[in-house]
Amino acid sequence: MNFLEERILKDGQVREGDILKVDSFLNHQVDITLLEQIGEEFYEHFRDKRITRVLTVESSGIAIACPVARRFGVPAVFAKKARSMNLDGDLYTSIVHSYTYNVDNVVTLSRQYLHADDSVLIVDDFMANGKAVQGLLDICGQAGAQVAGIGIAIEKGFQNGGRLLREAGMDLYSLAIVDSMSADGTIVFRAH
């Protein structure tokens, strides 16, 4: 059992609707030491790739992307869910469905921050059906950027996102893969 799985068992909560609540340490209140460990794990796995950008989607992915990008010595870039007044010029856009919120978001990224010569590591805090990652893959495709890999902190292995990405040949590295959760709080992780 790794450090993230241990933390999920200690502080995570199973909620109705296949929701795993980890907001006390990962995506509302964040444990910086844990984030640094996540950054180090992703660096160790992908360090032989020529990473030039770490890409995520706002907002929870930003906390994961920053220590990963710091470890690689590259910028962290994130697709925005809301188009602000200061986001101008040419944009990449994609539609991303949020499992947690059950809404579609149009995410945008300024073309000045992602280019055809980039080698991208996509990271996020959670993956269920893989819609956020698919949106980021779409944006990378629009830019002509190479996707070197995908790092996910927690993958819901009982949903199809990870399986589909692996079948497509993506280098997907998830730190904790939850194979099942039950109403009594039992969480079963996939063996490594």
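Remember, it's a predicted structure, so these values are computed and weren't measured experimentally.

Just give me the short version of the overall build of the protein, but keep the residues and values in it.
If you tally the helices and strands in the protein, you get five helices and 10 strands. Relative to a compact globule of 192 residues, whose C-alpha radius of gyration would be 16 Å, the protein shows 16 Å and is just as compact. By principal-axis analysis of the C-alpha atoms, the protein measures approximately 50 × 35 × 35 Å. Taking all 192 residues of the protein together, 47% fall into the buried category. Contacts spanning at least 24 positions in sequence make up 60% of the contacts within the protein whose residues lie at least 6 apart. Summing over all exposed atoms, the protein offers an accessible surface of approximately 9,500 Å²; the carbon and sulfur share of this is 48%. With 19 positive and 26 negative side-chain charges, the protein shows a separation of 2 Å between the mean positions of the two kinds.

How would you summarise the sheet that holds strand β9 (residues 172-181) if you had to cite specific residues and measurements?
With mixed pairing, the six strands of this open sheet are ordered in space as β4-β3-β7-β8-β9-β10. Here the strands that pair on one side only, and so sit at the sheet edges, are β4 (76-79) and β10 (187-189). Adjacent strand axes in the sheet meet at a mean angle of 30°, parallel and antiparallel pairs treated alike. As judged from the eight bridges shared by strand β7 (residues 119-127) and strand β8 (residues 146-156), these two strands associate in the parallel manner. Note that in β8 the partner of Met127 across the bridge is Glu155. Its contacts with the sheet put helix α2 (residues 32-46) on β7, β8 and β9, and the angle it makes with β8 is roughly 140°.

Report on the side chain of Asn2, specifying residues and quantitative values.
Mapped onto the elements of the fold, Asn2 is located in the segment before α1 (3-11). Polar contacts involving the side chain of Asn2 include one to the main-chain amide nitrogen of Glu5, which spans 2.8 Å.

Give a description of the pairing of β7 that names residues and reports values.
Burial runs high along β7: nine of the nine residues are buried. Two elements, strand β3 (residues 53-57) and β7, share three bridges in a ladder whose sense is parallel. Looking at the pairing, Arg53 lines up with Val120 of β7. Assessed by its sense of winding, the connection that carries the chain from β7 through helix α4 (residues 131-143) to β8 is right-handed.

Can you lay out the pattern of salt bridges for me, pointing to particular residues and giving the numbers?
In this structure the tally under the stated criterion is 12 salt bridges. With its nearest N and O atoms 2.9 Å apart, the salt bridge here joins Arg166 to Glu155. You can see Arg166 sitting in helix α5 (residues 161-167) and its partner Glu155 sitting in strand β8, a full 11 residues away along the chain. On the basis of relative accessibility, which here comes to 1%, the residue Glu155 falls in the buried class. The shortest N-O distance in the salt bridge between Arg163 and Glu167 comes to 3.2 Å. Of the two residues, Arg163 and Glu167 are both situated in helix α5; the distance of four residues between them amounts to about one turn of the helix. Classification of Glu167 as exposed rests on a relative accessible area of 56%. Salt bridges linked by common partners bring Arg7, Lys10, Asp11 and Asp31 together as one network.

Requested: an account of the packing of α2 against helix α3 (residues 60-72), with residues and values cited.
The geometry of α2 relative to α3 is characterised by a closest axis approach of 8 Å and an angle of 55° between their N-to-C directions. For the element pair α2 / α3, the angle class is oblique. The chirality of how α2 crosses α3 is right-handed. Contacts between α2 and α3 involve Leu35, Glu36, Ile38, Gly39, Glu40, Phe42, Tyr43, Glu44 and Phe46 from the former and Ala63, Ile64, Pro67, Val68, Arg70, Arg71 and Phe72 from the latter. Looking at the contact of α2 with α3, its residues break down into 10 nonpolar, one polar and five charged.

Reading the values: rules and limits
Residues numbered from 1 in each chain as written. Predicted model: local features only at pLDDT ≥ 70, side-chain atom pairs only at ≥ 80, totals over all residues. Heavy atoms only, no water. Helix = DSSP H or I, 4+ residues; strand = E, 2+ residues; numbered from the N terminus. Rg over C-alpha atoms; globule rule 2.2 N^0.38 Å. Buried < 20%, exposed > 50% of the residue type's maximum accessible area, 1.4 Å probe, protein only. Contact = heavy atoms within 4.5 Å. Areas by Shrake-Rupley, 256 points an atom, 1.4 Å probe, with all protein chains shown as cover. Lys, Arg positive; Asp, Glu negative; His and termini not counted. Charge placed at Lys NZ, Arg CZ, Asp CG, Glu CD. Pairing = 2+ DSSP bridges. Axes fitted to C-alpha atoms, helices over the stretch in contact; angles between N-to-C directions. Polar contact = N/O pair within 3.5 Å; in protein donor to acceptor, adjacent residues only side chain to side chain. Right-handed = clockwise from strand over helix to strand, strands pointing away. Salt bridge = Lys/Arg side-chain N within 4 Å of Asp/Glu carboxyl O. Parallel < 35°, antiparallel > 145°, perpendicular 65-115°, else oblique. Left-handed = near helix turned anticlockwise from the far one by under 90°. Nonpolar A, V, L, I, M, F, W, Y, C, P; charged D, E, K, R; others polar.

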